[in-house]
2 protein chains.
Amino acid sequence: MQNRLANIILFHRKRSGLTQQELAELAGVGKNMVYELESGKQSVRLENLLKVLQVLNIELDFHSPLREAFLKEYSDAKG
Amino acid sequence: MQNRLANIILFHRKRSGLTQQELAELAGVGKNMVYELESGKQSVRLENLLKVLQVLNIELDFHSPLREAFLKEYSDAKG
DNA sequence: CTGTCTTTCCCTGTAAAAAGGGAAAATATC
DNA sequence: GATATTTTCCCTTTTTACAGGGAAAGACAG
């Protein structure tokens, strides 16, 4: 348990009553992947992180000084 | 240009006046990595994504139904 | 149109993330 | 304290992301 992301995942998994193994199966990743995520390893594939977050109903967002400008242009472009 | 993350990165890079190559050098990753990020590839390593986001001054955040509960417990635990 | 810069997308070798098995350590349940 | 469950952390093999080089395609300036 080292970084914020690891904590977020651990917290949500515990609240959902899942073991690492169960979460791994639901996300379609290996059990070791979940363990590594929760121990703060940052060399995991983004793909696999996203699968795990999806199972736990966690959405990623960003913020930056350009956030508003981006959202305007992005929604304009996408309709 | 496929997903939201790719768009965010492209937008911020353009606004900062950097080429893919320059961003890659600043982030300490290969030029192909930046290209892949911007073309929506999700198999990149989280580590490398974070390096790129840091150069562009983009912070990741999350939200979920348990967000408030997590923040409370997390700040309590960390002081 | 011509030359410069940038992006897209090949290629190759190397490093390492992946899954899955297994077993000791830790934690929880009785 | 014994037993069951879960987590931590080994191992091996397979897969693949990575850097860096290179070159065609695209964008942009003079």
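The rules behind each value
Per-chain numbering applies: the sequence of each chain, read as written, is numbered from 1 onward. As they are written, the chains are lettered A onward and the ligands numbered 1 onward, keeping that order. Where totals are concerned, whole chains, interfaces and linings use all residues; where local detail is concerned, this predicted model gives features only for residues with pLDDT of at least 70, and gives and counts side-chain atom pairs only at 80 or more. Values shown for side chains rest on all heavy atoms present in the structure; no hydrogens or waters enter the calculation. All copies are superposed by least squares; the fitting set is the C-alpha atoms of residues with a pLDDT of at least 70 in both. The contact criterion used throughout is that any non-hydrogen atoms of two residues lie within 4.5 Å. We call a set of buried residues a nonpolar core when its members are Ala, Val, Leu, Ile, Met, Phe, Trp, Tyr or Cys and they connect through side-chain atoms within 4.5 Å of each other. For the exposure calls, accessible area comes from a 1.4 Å probe over protein chains only, and a residue counts as buried if that area is under 20% of its type's maximum, exposed if over 50%, partly exposed in between. We define a salt bridge as a side-chain nitrogen of Lys or Arg found within 4 Å of a carboxyl oxygen belonging to Asp or Glu. In this text, helices come from DSSP runs of H or I with a minimum length of four residues, and strands from runs of E with a minimum of two, each type numbered from the N-terminal end. Accessible surface is computed with a 1.4 Å probe, and the buried area is the amount of it that two parts give up when combined, taken over both parts together. Residues adjacent in sequence count toward polar contacts only when both atoms are side-chain atoms; beyond that, a polar contact is any pair of N or O atoms within 3.5 Å, and within protein one must be able to donate a hydrogen and the other to accept it. Charged means Asp, Glu, Lys or Arg here, nonpolar means Ala, Val, Leu, Ile, Met, Phe, Trp, Tyr, Cys or Pro, and polar covers whatever is left, Gly included. The criterion for strand pairing is that DSSP finds at least two bridges linking the strands in question.

(A) View of the relation of the copies chain A and chain B. With an axial shift of 0.0 Å and an RMSD of 0.0 Å, the rotation relating chain A to chain B amounts to 180°. Both copies of the chain, as the preceding transformation shows, are related through a two-fold rotation axis. Taken as a fraction of all interface residues of chain A, those also at the interface in chain B reach 100%, which identifies the copy contact as same-surface.

(B) View of the nonpolar core. Membership of the largest hydrophobic core comes to 42 residues, with the highest contact counts inside it found for A:V52 and B:V52. Excluding its chain neighbours within four sequence positions, the residues that come into contact with B:V52 are B:I9, B:L23, B:A27, B:V29, B:M33, B:V34 and B:L37.

(C) The pattern of salt bridges, seen in detail. For the structure shown, the criterion picks out eleven salt bridges over all chains. For A:E38, the salt bridge goes to A:R13, with nearest N and O atoms at 2.6 Å. Here A:E38 is found in helix α3 (residues 31-38), whereas its partner A:R13 is found in helix α1 (residues 4-15), with 25 residues between them in sequence. Judged on exposure class, the residue A:E38 and its partner A:R13 are both buried. Between B:R67 and B:E68 there is a salt bridge, with the nearest N and O atoms lying 4.0 Å from each other. Note on B:R67: relative accessible area 22%, which makes it partly exposed. Look at B:E68 and you get exposed, because its relative accessible area is 57%.

(D) Focus on the interface of chain A and chain B. Contacts between the two partners involve 31 residues from chain A, matched on the other side by 31 residues from chain B. Carbon and sulfur atoms supply 65% of the area buried between chain A and chain B, which totals about 3100 Å² over both sides. Here chain A and chain B share nine residue pairs in polar contact (both at pLDDT 80 or more) between them. The set of elements that each furnish at least two residues to the side of chain A that touches chain B consists of α1, α4 (46-55), β1 (59-63) and α5 (67-78) of chain A. With seven residues, α1(A) is the largest single contributor of residues to the side of chain A that touches chain B. When grouped by side-chain class, the residues that make up the side of chain A that touches chain B number 16 nonpolar, eight polar and seven charged. Direction of pairing for β1(A) relative to strand β1 (residues 59-63) of chain B: antiparallel, over a ladder of five bridges. Paired with A:F62 across the strands is B:L60, a residue of β1(B).

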